[in-house]
Structure formats: C-alpha cells, structure tokens
Amino acid sequence: MAELDDIDRAILGELRRDARVSMTAIAESVHISRAGAHARIKRLTDAGVITGYTVRTDPVLLGHHASAYVMLALEQPAWQEVQEQLQRIPEVEHMALVGGDFDVILLVRASDARDLRRIVLEDIQAISAVRSTRTTLIFEDFGQS
C-alpha cells in the first residue's frame, strides 16, 4: 500500500471518534466526495490498515468495579502457550507483549476486588510459565479520543 496521506489520516481520525459515522459525514469532514471516501476506506480495509470496528463501553456500568494492569514476567520459550492460556481468561480485556522489566501487560476487568484477587492469584499465577506478576489498580478510566 502507498503511504497514507493527510486525507487517509483524517478519515481514520473520524472513524476512531465514531465508527458508526456516515460515509456522507466522513466525506464532508475531509472535503472529498462520498465515492472518494468509500474508495479510500475500502483501500484502507483491503490493505489491513483498518482491521475492524468496535464499541467502547463503560466498565463500571458493565459491572466491572475493579480494574487493573497486570504485568507478567514469563519464561520466554513458553510465550505462545501462555498467550493461549491468557486468551481463555474472559476478564483479560487487552494483552500486549512488551519490552522492559516485564514481558506482558494485561488489562483485567473484574466485578470487585475479591474477583480481581481470584483472577490474578488463581487464574494468571497458576500458569506455570508465569514467573512473577505486578498489579497496578486503576482508579478511573479516561476515554480515548
């Protein structure tokens, strides 16, 4: 795919703000035709730049009153197996392989502190290749723009 231009970036910005925005509204906001906006979005999707559309939710209104970032140090050869096991834990909302003092960062959503404790101690630390964890509580989430 060719380099993204300012119009592509503006279209992506509009979709990040509201993935349900109409094609007409996108076209008007970036000053191109509706057909041009449609063609660009199709090109961005076909090229893998746009990988899907999602909904942002309020974790508290969903009953998740305890959230935390959980950092994991792993036995490196077991990464793929650990990844598969972590993906089976429904309370793990996001997972990232990182560099630094830890190997993986998880965003975990739980119903309360007791549930969070269970997830960390019984589900995550029970994975044999997890050498250590560090949990940082989230006091308040701020939306992305």
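Being a predicted model, the structure only gives us computed values, none of them experimental.

Parameters at a glance
- Each chain carries its own residue numbering, running from 1 in the written order of its sequence.
- Local features in this predicted model are restricted to residues of pLDDT 70 or higher, and side-chain atom pairs are both shown and tallied only at a pLDDT of 80 or more, whereas totals for entire chains, interfaces and linings draw on every residue.
- Side-chain measures were taken over the full set of non-hydrogen atoms in the model, leaving aside hydrogen atoms and water.
- Where helices and strands are cited, they refer to DSSP runs of H or I of at least four residues and of E of at least two residues respectively, numbered from the N terminus.
- To sort residues, take the accessible area from a 1.4 Å probe on protein chains only and compare it with the maximum for the residue type: under 20% means buried, over 50% means exposed, and anything in between is partly exposed.
- Methods summary: accessible areas were calculated by the Shrake-Rupley approach with a probe of 1.4 Å, and residue burial reflects only the protein chains presented.
- In this tally, Lys and Arg are treated as positive and Asp and Glu as negative; His is ignored, and so are the chain termini.
- Charge positions come from single atoms, namely NZ of Lys, CZ of Arg, CG of Asp or CD of Glu.
- Helix span is expected to be 1.5 Å times the residue number reduced by one.
- Summarising the geometry, the arc corresponds to the directions from the helix axis toward the C-beta atoms.
- Polar contact is the term for a pair of N or O atoms within 3.5 Å; when the atoms are in protein, one must be able to donate a hydrogen and the other to accept it, and sequence-neighboring residues count only if both atoms are side-chain atoms.
- For two strands to pair, DSSP has to find at least two bridges joining them.
- Here an axis means a line fitted to C-alpha atoms, over the contact stretch when the element is a helix, while the angle between two N-to-C directions is reported on a 0 to 180 degree scale.
- Note on definitions: a residue-residue contact is assigned when non-hydrogen atoms from the two residues lie within 4.5 Å.
- Reported orientations rely on four angle classes, namely roughly parallel under 35 degrees, roughly antiparallel over 145, roughly perpendicular from 65 to 115, and oblique for the rest.
- We call a crossing left-handed when the near helix sits turned anticlockwise from the far one by less than a right angle, and right-handed when that turn is clockwise.
- Under the grouping applied here, Gly and all other residues not named as nonpolar or charged are polar, the nonpolar ones being Ala, Val, Leu, Ile, Met, Phe, Trp, Tyr, Cys and Pro and the charged ones Asp, Glu, Lys and Arg.

**Student:** Could you clarify how one ought to interpret the overall build of the chain in this entry?
**Tutor:** What the chain contains, in helices and strands, is five helices and four strands. The linear arrangement of helices and strands in the chain, starting from the amino end, is α-α-α-β-α-β-β-α-β. Principal axes of the C-alpha set define a box for the chain whose edges measure 55 × 35 × 25 Å. Looking at the chain as a whole, 32% of its 145 residues qualify as buried. Working note: accessible area of the chain is about 9,700 Å², and carbon and sulfur atoms make up 50% of it. The centroid of the 16 positive side-chain charges in the chain is displaced by 3 Å from the centroid of its 22 negative side-chain charges.

**Student:** Just to check I follow, could you spell out helix 5 (residues 113-124) for this structure?
**Tutor:** Note on helix geometry: an α-helix contains 3.6 residues per turn, so any two residues three or four positions apart are oriented the same way. Counted at 1.5 Å a residue, the expected span for helix 5 with its 12 residues is 16 Å, and the 15 Å between its end C-alpha atoms agrees. Asp115, Leu116, Ile119, Val120 and Ile124 are the residues of helix 5 that are buried. One side of helix 5 carries all its buried residues, which in axial view fall inside an arc of 135°. Looking at helix 5, the residues exposed on the side facing more than 90 degrees away from the buried face are Ala113, Arg114 and Arg117. N-capping of helix 5 is provided by Asp112, with a side-chain oxygen placed 3.2 Å from the backbone N of Arg114.

**Student:** How do you make sense of the sheet that holds strand 2 (residues 92-97) when you look at a structure like this?
**Tutor:** By definition, the strands of a sheet pair up through backbone hydrogen bonds, in either a parallel or an antiparallel sense. Here four strands make up an open sheet; going across it, the order is 2-3-1-4 and the pairing antiparallel. Each edge of the sheet is formed by a strand with only one pairing partner; in this case those strands are strand 2 and strand 4 (130-138). Direction aside, neighbouring strands of the sheet carry axes that sit 20° apart on average. Of the strands in this sheet, strand 1 (66-74), strand 2 and strand 3 (104-110) are in contact with helix 4 (residues 79-87), which crosses strand 2 at around 165°. Docked against the sheet, helix 5 engages strand 1, strand 3 and strand 4, running at close to 140° with respect to strand 3.

**Student:** Sorry if this is basic, but what is going on with the packing of helix 1 (residues 6-17) against helix 2 (residues 23-30) here?
**Tutor:** When two helices pack together, their arrangement is given by the angle between the helix axes and the distance between those axes. As a packed pair, helix 1 and helix 2 sit with axes 10 Å apart at the nearest point and diverge in direction by 135°. Accordingly, the angle class assigned to the pair helix 1 and helix 2 is oblique. Seen along the crossing, helix 1 lies across helix 2 with a hand that is right-handed. Across from Ile7, Ala10, Ile11, Glu14 and Leu15 in helix 1, the residues of helix 2 making contact are Ile26, Ser29 and Val30. Counted by class, the contact of helix 1 with helix 2 contains six nonpolar, one polar and one charged residues.

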